Amino acid sequence: MSTLAQKKGFGAVLWDYLTTVDHKKIAILYLIAGGFFFLLGGLEAMFIRIQLAVPNNDFVSAGLYNEILTMHGTTMIFLAAMPLIFAFMNAVMPLQIGARDVAFPFLNSLGFWLFFFGGVFLNLSWFLGGAPDAGWTSYASLSLASEGHGIDFYALGLQISGAGTLIGGINFLVTIINMRAPGMTYMRMPMFTWATFVTSALILFAFPALTVGLFLLVFDRMFGSNFFDASMGGNTIIWEHFFWIFGHPEVYILVLPAFGIFSEIFSIFSRKRLFGYSSMVFATVLIGFLGFMVWAHHMFTTGMGPIANAIFAVATMAIAVPTGIKIFNWLFTMWGGSITFTTPMLWAVAFIPSFVAGGVTGVMLASAAQDYQYHDSYFVVAHFHYVIVGGVVFALFAGAHLYWPKMFGTMLNELLGKITFVLFFIGFHLTFFIQHFLGLWGMPRRIFTFLPGQGLETANMVSTVGAFFMAAAVIIMLINIVITSVKNEKVGNDPWGDGRTLEWAIPSPPPFYNFKQLPLVRGLDAYWLEKMEGKKGMSPAEPLGDIHMPNNSFIPFVISFGLFVAAFGAMYRADHSWGIPVLIVGLLITLGSMFIRSVKDDHGFHIHKEDLEDNNDKGVKA
Amino acid sequence: MANQQPNSGNPRVDIEYRRKKSAEEMKHQVITFAMMIFLTIVAFVAAGYEGFSAWFIVPFILILAIVQVIFQLYYFMHMSHKGHEAPALFLYSGAFVGFITIIAFLTVIWW
Ligand code: HEM
Ligand SMILES: [Cu+2]
């Protein structure tokens, strides 16, 4: 039910969103919060590029540069890319499998608020004595030596938001396993749902490694343990292993949903079934599996020895195979299709060469002997921006245009969308292509300035100019969003005209119960099948009946807020006498609200059959 | 969403069949329970007996522990029943990832 159409007061809308357990509204929350952090991380990126535009620049000091660089990476990965991906998973996946919501709506909301408060906590470090400054990888030798509370903000903030991510991942897994509509077998699930499934499994297995690593770090920094302190019998390399056992799967957690979004786009706008669907599923699962076997390619130069290096090098190169399968399947999907170059399709087509370039440099980095040359140079920076921006960020832009009508019921302007694309595409390659060469010419990564006369001036200037193109693209996208929301021209079920999967069979945005009657799925691309047989919508799989819905709840917000308070207490425990009491109060808030949730019965409510029948004329059908 | 709850709650299931099934299960549980106690005693004896070296005792007890976990999962937590394929898959994947991690730590860091 659209909140816009009902003309509620601002306070009521706010309260609705603070307490909502509806996956579609939580998706919007993720989109807003993730979008905000994306802008913040983008601003930090601009500062980095301004500082590096000319040699010997003093736009920011060395210490501040380290903070900005660290926060850029941390924000972009944990607070922008992840939540934006979660936004699309929440908005689309339940609709794609024909479910009325995720399996645990309450936990869905809890996951969001934990992420949100973790992110806010991390960013408050700017105002409370300085941000973390040991890089997004926070290697232990650096982070244990870092003064002030920056690293504590990092460790505690990520711990809280990481718990939210883990909850979200488990929720998606259970949803996909248990709540598929009748007829929706595993091998009929849309590619984006498959990607969500494998990604959630990766989250389930990868995030605990980060959790453990962060706990050890917190103990070393705040409670006097010595897990990572070599002078006390610890080992600083252990952090690197924990971080990358999490960190490499994390890059696939980001990119698999991107692959999913692009798979949908290629088949929608080529008006063809996805080529090699089963091999796509296989490749996705295989990438997920191999993603756990390769983490040490980030540590070739730590002295693991030739055997370990060789094993991890070969394993890393093996990932190129399933990735290649996917690339060829996308190309064959377009082959012979009737292609329309809408904005999402432009991003998708541009994604292929950009991502392949990143994959090629990945294989270069994967050969351990060569990596000794590339490691910690701008070449690595170029590599991961090619895969992360060319893969993930392109997908987020494409997904935003593709699913905007499903999420908000309005269509983003195509012309502005294409301008955004062109500017961003030019800016992206301008910024990062030259960085390969900067790396090969010897520019180390994570330096705050460079000297004149070393042949690095022009290339750095080019890179900075590119960054401004990307900034302009993002601003135009924002203008597009404002114009679209003000115009507020509503669209129908299937605004692109060629929707193939279940989400396009219901109104945009869908009613809050999604499907009046659960749809009967008769094959892959269920809605397309029905359309090809001349039907208007899905055939229902059940008679019209009462629908059971969960009640809204403010408790997830309070639980997360309690942890937010407790984190401050834990951090300032050693400096101020109020630390311990604040820690206790925070935990009491959290545990108390969990207790209330456990003892208070909340059975939800029913939408009655008669009320559903009234809506028939509005075309709200299964 | 009646079609989404394959087990339990359905009044029309065959009571007779259920009773037989439960009795059989009870028998299995009692047997495994006895075996688990026996294995625990064996473990204590192995640790207490002077004649074994640590190189025998530690792997031996670890093997007993694994057997106990399997008993626990299959006979008490019903993983052998139908409809537990997905939990089984994730359990084994998780065990596998944990195993890889420990192997890597043992070989790459501490060896
Ligand atoms: C699919 C998306 C991918 C993403 C998101 C990604 C991301 C990253 C990131 C963030 C780093 C830098 C870590 C750091 O030092 O801070 C990195 C490094 C690396 N990537 Fe990728 N990568 C991807 C694909 C690949 C592929 C396909 C390969 C190889 C086949 C690969 C091989 C490597 C290697 C070997 C390094 C280590 C470089 C070094 O630090 O010396 N990556 N990747
Ligand atoms: Cu990696």
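Residues numbered from 1 in each chain as written. Chains lettered and ligands numbered in written order. Predicted model: local features only at pLDDT ≥ 70, side-chain atom pairs only at ≥ 80, totals over all residues. Heavy atoms only, no water.

S.K.: Help me out: how do you make sense of the side chain of Ser 270 of chain A in this one?
M.R.: All names here are of chain A. Residue position: Ser 270 is located in the loop between α9 (237–269) and α10 (277–290). Since its relative accessible area comes to 0%, Ser 270 is described here as buried. Beyond its immediate sequence surroundings of up to four residues, Ser 270 is in contact with Ile 265, Thr 333, Met 334, Gly 337, Ser 338, Ile 339 and Met 345. (Helix = DSSP H or I, 4+ residues; strand = E, 2+ residues; numbered from the N terminus. Buried < 20%, exposed > 50% of the residue type's maximum accessible area, 1.4 Å probe, protein only. Contact = heavy atoms within 4.5 Å.)

S.K.: Even after reading the chapter, I still don't get the coordination of the iron atom of ligand 1, so can you show me in this structure?
M.R.: By definition of the ideal shapes, a tetrahedral metal site with four donors has angles of 109.5 degrees and an octahedral site with six donors has angles of 90 or 180 degrees. Residue and element names in this part refer to chain A. Among protein atoms, the single one acting as a donor to the iron atom of ligand 1 is His 383 (NE2), 2.2 Å away. Distance-wise, the copper ion (ligand 2) is placed 4.4 Å from the iron atom of ligand 1. Examined against the element boundaries, His 383 turns out to sit in helix α14 (residues 378–408). (Donors = N, O, S within 2.8 Å, 3.2 Å for Na, K, Ca; no water.)

S.K.: Looking at this structure, how should I read the site of ligand 1?
M.R.: All names here are of chain A. Neighbouring residues of ligand 1: 22 residues in total, closest Asp 371, His 375, His 383, Phe 384 and Arg 445. At 2.7 Å from an oxygen atom of ligand 1 is found a side-chain nitrogen or oxygen belonging to His 375. The set of elements that each furnish at least two residues to the shell around ligand 1 consists of α9, α12 (343–366) and α14. Of the residues assigned to the shell around ligand 1, the class counts are 13 nonpolar, 7 polar and 2 charged. (Near = heavy atom within 4 Å. Polar contact = N/O pair within 3.5 Å; in protein donor to acceptor, adjacent residues only side chain to side chain. Nonpolar A, V, L, I, M, F, W, Y, C, P; charged D, E, K, R; others polar.)

S.K.: Honestly, a negative patch on the surface in this entry has me stumped. Any pointers?
M.R.: A cluster of acidic residues, Asp 546, Glu 610, Asp 611 and Glu 613 of chain A, forms a negative patch at the surface. Within the fold, Asp 546 of chain A resides in the loop between α17 (526–532) and β1 (547–549). (Patch = residues over 30% accessible without salt bridge, like charges linked within 9 Å, V, L, I, M, F, W, Y side chains within 5 Å. Areas by Shrake-Rupley, 256 points an atom, 1.4 Å probe, with all protein chains shown as cover. Salt bridge = Lys/Arg side-chain N within 4 Å of Asp/Glu carboxyl O. Lys, Arg positive; Asp, Glu negative; His and termini not counted. Charge placed at Lys NZ, Arg CZ, Asp CG, Glu CD.)

S.K.: Teacher, can you tell me more about the nonpolar core here?
M.R.: Note on soluble globular proteins: their nonpolar side chains tend to be buried together. All names here are of chain A. Core analysis: the biggest nonpolar cluster contains 180 residues, and Phe 88, Phe 262, Ile 265, Trp 330, Phe 394 and Phe 424 have the highest contact counts within it. In terms of residue count, α9 provides more of this core than any other element does, 20 residues in total. Apart from the residues within four sequence positions on either side, Trp 330 is in contact with Phe 259, Phe 262, Ser 263, Phe 266, Leu 274, Met 280, Phe 351 and Ile 352. Judged by nonpolar contacts, the second largest core, of 12 residues, contains Ile 68, Tyr 378, Val 381 and Leu 438. (Core = buried A, V, L, I, M, F, W, Y, C linked by side-chain atoms within 4.5 Å.)

S.K.: Would you mind going over the confidence of the model for chain B with me for this structure?
M.R.: Where the model shows low pLDDT, its predicted coordinates should not be examined in detail. All names here are of chain B. For chain B, the mean per-residue pLDDT works out to 81, and 87% of the residues sit at or above 70. Long-range and interchain partners of residues 1–8, a stretch whose pLDDT sits below 50, account for 8 contacts in this model, where long-range means more than four residues apart. The ipTM assigned to the predicted complex is 0.77, against a pTM of 0.90. (pLDDT = per-residue confidence, 0-100.)

S.K.: How should I be thinking about helix α16 (residues 457–487) of chain A in this particular structure?
M.R.: Within an α-helix, residues lying three or four positions from one another point in the same direction, as the helix has 3.6 residues per turn. The first and last C-alpha atoms of α16 of chain A sit 46 Å apart over 31 residues, in line with the 45 Å expected at 1.5 Å per residue. Of the residues one or two after α16 of chain A, Asn 488 of chain A is the one with positive phi, at around 55°. (Expected span 1.5 Å × (residues − 1).)

S.K.: What's the story with the coordination of the copper ion (ligand 2) in this structure? I'm lost.
M.R.: At this site the copper ion (ligand 2) is bound by His 248 of chain A (ND1), His 297 of chain A (NE2) and His 298 of chain A (NE2), with donor distances of 1.8 to 2.1 Å. Using a relative accessible area of 22% as the deciding quantity, one classes His 298 of chain A as partly exposed.

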